[in-house]
Amino acid sequence: MKLFMFAASLRQASINKKLIRVIADKARQLGHEVDLAEFSEFELPLYNGDTQDNNGIPAAATAFVKRMQQADGTLIASPEYNFSIPGILKNLIDWVSRISPMPWQDQRILLCSASPALVGGNRGLWATRMPLEACGALVYPDMFSLAAAYDAFMENGQLKDAALQQRLHNTLEKFLLLLQKLAS
Ligand SMILES: Cc1cc2nc3c(=O)[nH]c(=O)nc-3n(C[C@H](O)[C@H](O)[C@H](O)COP(=O)(O)O)c2cc1C
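So, here's what we can say about the structure. In this text the structure is predicted, and so the values were computed from the model without any measurement.

1. Describing the site of the ligand
Move 1: Near the ligand lie 15 residues; those nearest to it are S9, S14, E80, N82 and S115.
Move 2: Between the ligand and I15 there is a distance of 3.0 Å, counted from an oxygen atom to a backbone nitrogen or oxygen.
Move 3: The separation between an oxygen atom of the ligand and a polar side-chain atom of N16 is 2.8 Å.
Move 4: When the free accessible area of the ligand is taken as 620 Å², the share hidden by the protein chains comes to 75%.

2. Regarding the packing of helix 1 (residues 15-29) against helix 6 (residues 162-183)
Move 1: Their axes nearest at 11 Å, the elements helix 1 and helix 6 cross at an angle of 60°. Viewed along their axes, helix 1 and helix 6 form a crossing whose handedness is right-handed. Along its contact with helix 1, which presents L19, V22, I23, K26 and A27, the element helix 6 presents Q165, L168, H169 and L172.
Move 2: By residue class, the composition of the contact of helix 1 with helix 6 is six nonpolar, two polar and one charged.

3. What to know about the pattern of salt bridges
Move 1: Summed over all chains, the structure comprises eleven salt bridges.
Move 2: The closest approach of N and O atoms between E33 and K2, which form a salt bridge, is 3.8 Å. Of this pair, E33 sits in strand 2 (residues 33-37) while K2 sits in strand 1 (residues 2-7), and the two are 31 residues apart along the sequence.
Move 3: Looking at K2, the relative accessible area reads 23%, which means it is partly exposed.
Move 4: For the salt bridge of E41 with R67, the shortest nitrogen-to-oxygen distance reads 3.0 Å. Of this pair, E41 sits in the loop between strand 2 and helix 2 (49-55) while R67 sits in helix 3 (residues 59-69); the two residues are 26 residues apart in sequence, bridging distant segments of the chain.
Move 5: Under the relative-accessibility criterion, E41 is labelled partly exposed at 39%.
Move 6: Ionic contacts of the salt-bridge type, sharing partners, join the residues D35, E41 and R67 into one network.

Calculation criteria
- Residues numbered from 1 in each chain as written.
- Predicted model: local features only at pLDDT ≥ 70, side-chain atom pairs only at ≥ 80, totals over all residues.
- Heavy atoms only, no water.
- Near = heavy atom within 4 Å.
- Polar contact = N/O pair within 3.5 Å; in protein donor to acceptor, adjacent residues only side chain to side chain.
- Areas by Shrake-Rupley, 256 points an atom, 1.4 Å probe, with all protein chains shown as cover.
- Axes fitted to C-alpha atoms, helices over the stretch in contact; angles between N-to-C directions.
- Helix = DSSP H or I, 4+ residues; strand = E, 2+ residues; numbered from the N terminus.
- Left-handed = near helix turned anticlockwise from the far one by under 90°.
- Contact = heavy atoms within 4.5 Å.
- Nonpolar A, V, L, I, M, F, W, Y, C, P; charged D, E, K, R; others polar.
- Salt bridge = Lys/Arg side-chain N within 4 Å of Asp/Glu carboxyl O.
- Buried < 20%, exposed > 50% of the residue type's maximum accessible area, 1.4 Å probe, protein only.

This is the structure we're talking about:
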């Protein structure tokens, strides 16, 4: 399988970037091909219908769609902002949704989050499902949320907690199994 992955954070020391790197490592160990993107590769202006009318769809949105559609599945690690989806991710979803045919349609997506709080950013993922599913994406039912994430990583980048490592491994394997079933 080919997997497209990114964290929805621009911050250099982002805990969601750390989490997506752990997931990318696991996927590679399981023999899958990973395209790990930086969100900064897809920085877009704030959606404005006049900008679209005057300049068309920004090249960054088209580039994002190409990367996503070259993969069998997309994995997103996203922060929770005010119990919801971060603006940069919603803005990306909105720009991409203006492309025809709808690029999100039937995309298989696994949502993950990391947060310093004890809920682990899970509420933000529920809010993230809504626009993705509205656009026709197949968002995997299970989601992985990493709580207390400022203290969750070892120096080598792996998760400290073995039980959480296993839970992440199981979530990823189940998602990959579904991708394989859908591909056959
Ligand atoms: C505008 C804003 C709102 C936030 N709201 C929440 C929140 O609702 N829940 C939460 O767990 N953390 C919240 N946080 C804290 C983030 O989880 C924390 O900054 C985290 O490090 C962001 O992810 P990143 O490190 O990948 O950039 C918020 C942070 C910002 C900047």
